[in-house]
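For reference, the chains in residue letters:
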Amino acid sequence: MAETALTLRGVHKSFGTTHAVRGIDVEIGRGEIVALLGPNGSGKTTSLDMALGLTRPDEGTAALFGAPPAEAINRNLVGVMLQSGSLLRDDRVGRILTMLARIAGVADTVPALAKRTRIEDLLGRYVRQLSGGELQRVRLAIALVGDPELLILDEPTAGMDPGARREFWELMRTEADTGRTIVFATHHLNEAELFAPRTIVMHEGRVVADGQTSEVRALAASQHLTAALDAEDWPGLRAELAAVLGQSDAIDYARGQLTITGADLRKAAIVVLSHEAARAVELKNSTLDDSFALLTTAKSA
Ligand SMILES: Nc1ncnc2c1ncn2[C@@H]1O[C@H](COP(=O)(O)OP(=O)(O)OP(=O)(O)O)[C@@H](O)[C@H]1O
């Protein structure tokens with residue numbers, strides 16, 4: 001079998017006037033765990049749908065294990081947990097799983113699968129009786145029915161509280177340890193950091209970063225420097241700062257408050273600290289979400 005689990009080559013997709021995916025190239029090797037990160041509407045779902053053959057690209061090609069997506073899916077190589085697609089509310093969890101396992105020819109594996117995904121006590125429940133977190137665990141079990149090589153998850157923890165989210169990633173860790181390839185879309189940088197060695201960042205239909213999650217994180221790392229300053233002191237300090245700030249650093253002064261954002265503001269901090277008029281000087285590292293915003297806006301500018 002091909003060493004590459006998922007390939008998107010030069011894919012574009014438009015919906016009417018919305019150019020949702022603008023020529024992306026992605027190759028994911030077997031056994032990799034990859035986070036697909038991006039804000040709402042950045043093209044994550046459309047890209048995964050194209051990889052799965054659910055949406056046809058306007059241009060470019062998609063392949064799973066070197067073959068057309070439908071072929072890999074028919075061979076039970078792929079398990080999916082999509083945002084769309086609901087389960088029959090008036091059916092019992094156990095019946096749904098058994099039915100799907102029978103179709104896949106693995107009916108005898110349901111008890112072990114239920115144990116692994118911690119849904120044993122849910123098997124007798126109706127789908128309509130499940131909480132959001134329970135439903136997602138059931139959907140994960142369904143994705144795992146055919147013991148797929150590749151697991152594709154589109155925002156699997158959407159709507160979960162922090163406890164359910166933590167439990168979900170614990171389950172996923174067990175699945176990852178079996179050597180499965182896992183690709184998941186998320187809005188949460190911390191999920192990428194905790195779980196995926198590789199992160200692909202999408203913004204406005206393009207890949208704006210692709211690499212080791214720690215590198216992507218470092219690329220986006222930023223600092224914020226804030227200080228209080230009277231308006232008459234601002235021109236003098238601005239002149240001093242001009243000598244130490246880089247082109248990509250953003251500087252703003254309004255209503256007595258100075259704010260600077262940049263990758264490394266240590267020199268600027270020394271300048272501001274040594275300026276007598278500046279008060280309440282603070283230098284902070286950005287939060288993960290700040291970094292993400294900086295990364296995506298910087299690339300689209
Ligand atoms: N079937 C569709 N018809 C019309 N527009 C669509 C359709 N599917 C997606 N779009 C548009 O394409 C763009 C990309 O959407 P997509 O769902 O791929 O983004 P996303 O990154 O997965 O977003 P989210 O994080 O909100 O799920 C958006 O502007 C969206 O409104």
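Residues numbered from 1 in each chain as written. Predicted model: local features only at pLDDT ≥ 70, side-chain atom pairs only at ≥ 80, totals over all residues.

> Can you tell me about the overall build of the protein chain, naming the residues and giving the values?
The number of helices and strands found in the protein chain is 11 helices and 13 strands. Taken along its principal axes, the extent of the C-alpha atoms in the protein chain is 75 × 45 × 35 Å. Every one of the 301 residues in the protein chain was classed for burial, and the buried ones make up 35%. (Helix = DSSP H or I, 4+ residues; strand = E, 2+ residues; numbered from the N terminus. Buried ≥ 20, exposed ≤ 12 C-beta atoms within 10 Å, placed from the backbone.)

> Got a sec to walk through the sheet that holds strand S1 (residues 4-15)? Specific residues and values, please.
To summarise the sheet geometry, strands pair through backbone hydrogen bonds and adopt either a parallel or an antiparallel arrangement. In space, the three strands of this open sheet follow the order S2-S1-S4, with antiparallel pairing throughout. Each of the sheet's edge strands pairs with one partner strand only, and the pair in question is strand S2 (18-29) and strand S4 (59-64). The average undirected angle you get between the axes of adjacent strands in this sheet is 20°. Of the strand pairs in this sheet, S1 and S4 are connected by five bridges, and their pairing is antiparallel. Each bridged residue has a counterpart across the sheet, and for His-12 the counterpart in S4 is Glu-59. Contacts from helix H1 (residues 44-51) reach S1, S2 and S4 within the one sheet, and its direction differs from that of S1 by about 120°. (Pairing = 2+ DSSP bridges. Axes fitted to C-alpha atoms, helices over the stretch in contact; angles between N-to-C directions. Contact = placed C-beta atoms within 7 Å.)

> Could you give an account of the domain arrangement of the protein chain, naming the residues involved and the relevant values?
Its domain assignment divides the protein chain into domain 1 (4-211) and domain 2 (223-285). A C-alpha centroid distance of 45 Å is found between domain 1 and domain 2. (Domains from an automatic or database assignment.)

> Explain the pairing of strand S8 (residues 198-203) to me, using residue names and the numbers behind them.
The buried fraction of S8 amounts to five of the six residues, a majority that puts the element mostly inside the structure. With four bridges connecting them, strand S3 (residues 33-37) and S8 associate as parallel partners. What sits directly across from Ala-35, in S8, is Thr-199. Here S8 folds back onto strand S9 (residues 206-212), and the loop between the two strands holds two residues, one of which, Glu-204, carries a positive phi near 50°.

> Break down the site of the ligand for me, with residues and values.
Phe-15, Thr-18, Ala-20, Gly-38, Asn-40, Gly-41, Ser-42, Gly-43, Lys-44, Thr-45 and Thr-46 make up every residue found near the ligand. Among the elements that make up the shell around the ligand, the one with the highest residue count is H1 (three residues). Among the residues forming the shell around the ligand, the class breakdown is two nonpolar, eight polar and one charged. (Near = placed C-beta within 6 Å. Nonpolar A, V, L, I, M, F, W, Y, C, P; charged D, E, K, R; others polar.)

> Could you give an account of the environment of Leu-225, naming the residues involved and the relevant values?
Structurally, the position occupied by Leu-225 is in strand S10 (residues 223-228). For the pair Leu-225 and Val-80, spaced 145 residues apart in sequence, the C-alpha to C-alpha distance is 44 Å. Those residues in contact with Leu-225 that sit more than four places away from it in its chain are Ile-260, Leu-265, Ala-268, Ala-269, Val-272 and Leu-283.

> Could you give an account of unusual backbone geometry, with specific residues and numbers?
You will see that Phe-65, though not glycine, has its phi angle at about 50°, which is positive. Topologically, Phe-65 is positioned in the loop between S4 and helix H2 (69-74). The phi dihedral of Asp-147 falls on the positive side, at around 50°, and the residue is not glycine. Judged by the 14 C-beta atoms lying within 10 Å of it, Asp-147 is partly exposed.

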